[in-house]
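# An overview of the molecular structure
Read off the chains here:
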Amino acid sequence: MAPTVARSTIDITPLRQANLPIIFILGGPGSGKGTQCAKIVEKYGYTHLSSGDLLRDEVASGSERGKQLTDIMQRGELVPLDVVLDLLKEAMLSKLTSSKGFLIDGYPREVAQGIQFETEINPCALVIYFQVSDDVMTARLMNRGLTSGRVDDNEETIRKRLDTFHKHSLPVVEHYGTKCRTISAEAHPDEVFQKVSEALETLS
Ligand SMILES: Nc1ncnc2c1ncn2[C@@H]1O[C@H](COP(=O)(O)OP(=O)(O)O)[C@@H](O)[C@H]1O
Ligand SMILES: [Mg+2]
């Protein structure tokens, strides 16, 4: 049964008109998206929006919408795409005046999400995909799970998240074709960031 989660109604005209660069950051769980985004924010002044963090914040807020999300996330499944898009729009609007652009981390999780985002907001300027083997992602997440307190950093849920990623998110990489830069991300974070910087500098 498809879960129902409340929608919001907000006017995003200012967001569309500002036309700031939008970069989708793709990669499996534990591929280093958060780590690299933090470095991009520091060097380039972009705003980092992690769909996972926005969802977790919404859950933590105790709102009705948050309660509806909790069960879905604990199962390692994807939440309804409209809800994630609402949260992203709200966050982007709130950062509009202070931002040089947006890093959309962990989104789109599936092709339909990307199409909906670009139709309702603006087309993305670039897509970066961090490529990491399942074994390395699993090891990193088990390690992160020791301290993260995240309900989904456990072996069972990690396996499901990897499956979900392969099934729904790899087609996104293909969908974006030459707009997507694939970066091998098993090396040290500084080495990975070197390649990220090169990709970003093709934008300006
Ligand atoms: N290049 C890297 N090499 C080794 N460990 C990394 C690297 N990038 C991230 N990590 C570690 O792997 C875990 C997952 O990274 P994170 O940035 O949270 O991934 P994601 O946001 O893609 O799920 C974290 O514990 C992080 O410190
Ligand atoms: Mg993350």
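Residues numbered from 1 in each chain as written. Chains lettered and ligands numbered in written order. Predicted model: local features only at pLDDT ≥ 70, side-chain atom pairs only at ≥ 80, totals over all residues. Heavy atoms only, no water.

### Quick word on the overall build of the protein chain
- What the protein chain contains, in helices and strands, is nine helices and five strands.
- Element order for the protein chain, N to C, with α for helix and β for strand: α-β-α-β-α-α-α-β-α-β-α-α-β-α.
- For the protein chain, whose C-alpha radius of gyration is 16 Å, the value lies close to the compact-globule estimate of 17 Å for 204 residues.
- Seen through its principal axes, the protein chain has C-alpha atoms that stretch 45 × 40 × 30 Å.
- Within the span of the protein chain, comprising 204 residues, buried residues form 45% of the whole.
- Taking the intrachain contacts of the protein chain between residues at least 6 apart in sequence as the baseline, contacts between residues at least 24 apart amount to 79%.
- Of the roughly 10200 Å² that the protein chain leaves accessible, carbon and sulfur atoms contribute 51%. (Helix = DSSP H or I, 4+ residues; strand = E, 2+ residues; numbered from the N terminus. Rg over C-alpha atoms; globule rule 2.2 N^0.38 Å. Buried < 20%, exposed > 50% of the residue type's maximum accessible area, 1.4 Å probe, protein only. Contact = heavy atoms within 4.5 Å. Areas by Shrake-Rupley, 256 points an atom, 1.4 Å probe, with all protein chains shown as cover.)

### Regarding the side chain of Ser197
- Assignment of secondary structure puts Ser197 in helix α9 (residues 189–201).
- Setting aside its immediate chain neighbours within four residues, Ser197 contacts Lys43 and Tyr44.

### Section: the site of ligand 1
- Near ligand 1, the surroundings consist of 14 residues, among which Gly30, Lys33, Thr35, Arg144 and Ala187 are the closest.
- Here an oxygen atom of ligand 1 and a side-chain polar atom of Lys33 are 2.8 Å apart.
- Here an oxygen atom of ligand 1 and a side-chain polar atom of Thr35 are 2.7 Å apart.
- Starting from 560 Å² of accessible surface for ligand 1 in isolation, the protein chains cover 73%.
- Its atoms largely coinciding with the cavity grid, ligand 1 occupies the largest pocket.
- Put simply, the parts of the chain that give the shell around ligand 1 at least two residues each are α2 (33–44) and α7 (134–148).
- Per-element accounting of the shell around ligand 1 gives the leading share, three residues, to α2.
- Considering only residue class, the shell around ligand 1 consists of four nonpolar, seven polar and three charged. (Near = heavy atom within 4 Å. Polar contact = N/O pair within 3.5 Å; in protein donor to acceptor, adjacent residues only side chain to side chain. 1 Å grid on protein atoms, 1.4 Å probe; cavity = no way out; pocket = protein on both sides within 12 Å on 5 of 7 lines; lining within 4 Å. Sits in = over half its atoms within 2 Å of the grid points. Nonpolar A, V, L, I, M, F, W, Y, C, P; charged D, E, K, R; others polar.)

### Examining the sheet that holds strand β2 (residues 47–50)
- Spatially, five strands are ordered β2-β3-β1-β4-β5 in an open sheet, and the strand pairing comes out parallel. Strands with a single pairing partner mark the edges of an open sheet, and in this sheet they are β2 and β5 (180–184). Adjacent strand axes in the sheet meet at a mean angle of 20 degrees, parallel and antiparallel pairs treated alike.
- Against the sheet, α2 makes contact with β1 (22–27), β2, β3 (102–105) and β4 (126–131), and its axis sits at roughly 175 degrees relative to β3, the strand it touches most.
- Most of the contacts of helix α3 (residues 51–60) go to β2, to which it runs at about 65 degrees, and overall it touches β2 and β3. (Pairing = 2+ DSSP bridges. Axes fitted to C-alpha atoms, helices over the stretch in contact; angles between N-to-C directions.)

### Structural notes on helix α6 (residues 111–120)
- For α6, the complete set of buried residues consists of Gln113, Gly114, Gln116, Phe117 and Glu118.
- In the core, the buried residues of α6 are packed alongside β1, α5 (81–94), β3 and α8 (155–176).

### Let's talk about the layout of surface pockets
- As a volume, the largest pocket reaches approximately 860 Å³.
- Lining the largest pocket are 42 residues, with Pro29, Lys33, Arg144, Arg150 and Arg161 sitting closest to its centre.
- Element by element, the count of residues in the lining of the largest pocket is highest for α3, at five residues.
- A class-by-class count of the residues in the lining of the largest pocket yields 13 nonpolar, 18 polar and 11 charged.
- Lining the second largest pocket, in full, are Arg56, Val59, Ala60, Thr70, Met73, Gln74, Gly149, Arg150, Val151 and Asp152.
- If you list the elements that add at least two residues to the lining of the second largest pocket, you get α3 and α4 (64–74).
- Residues belonging to the lining of the second largest pocket are distributed by class as follows: four nonpolar, three polar and three charged. (Points joined across faces, edges and corners; volume = space filled by probe spheres on them.)

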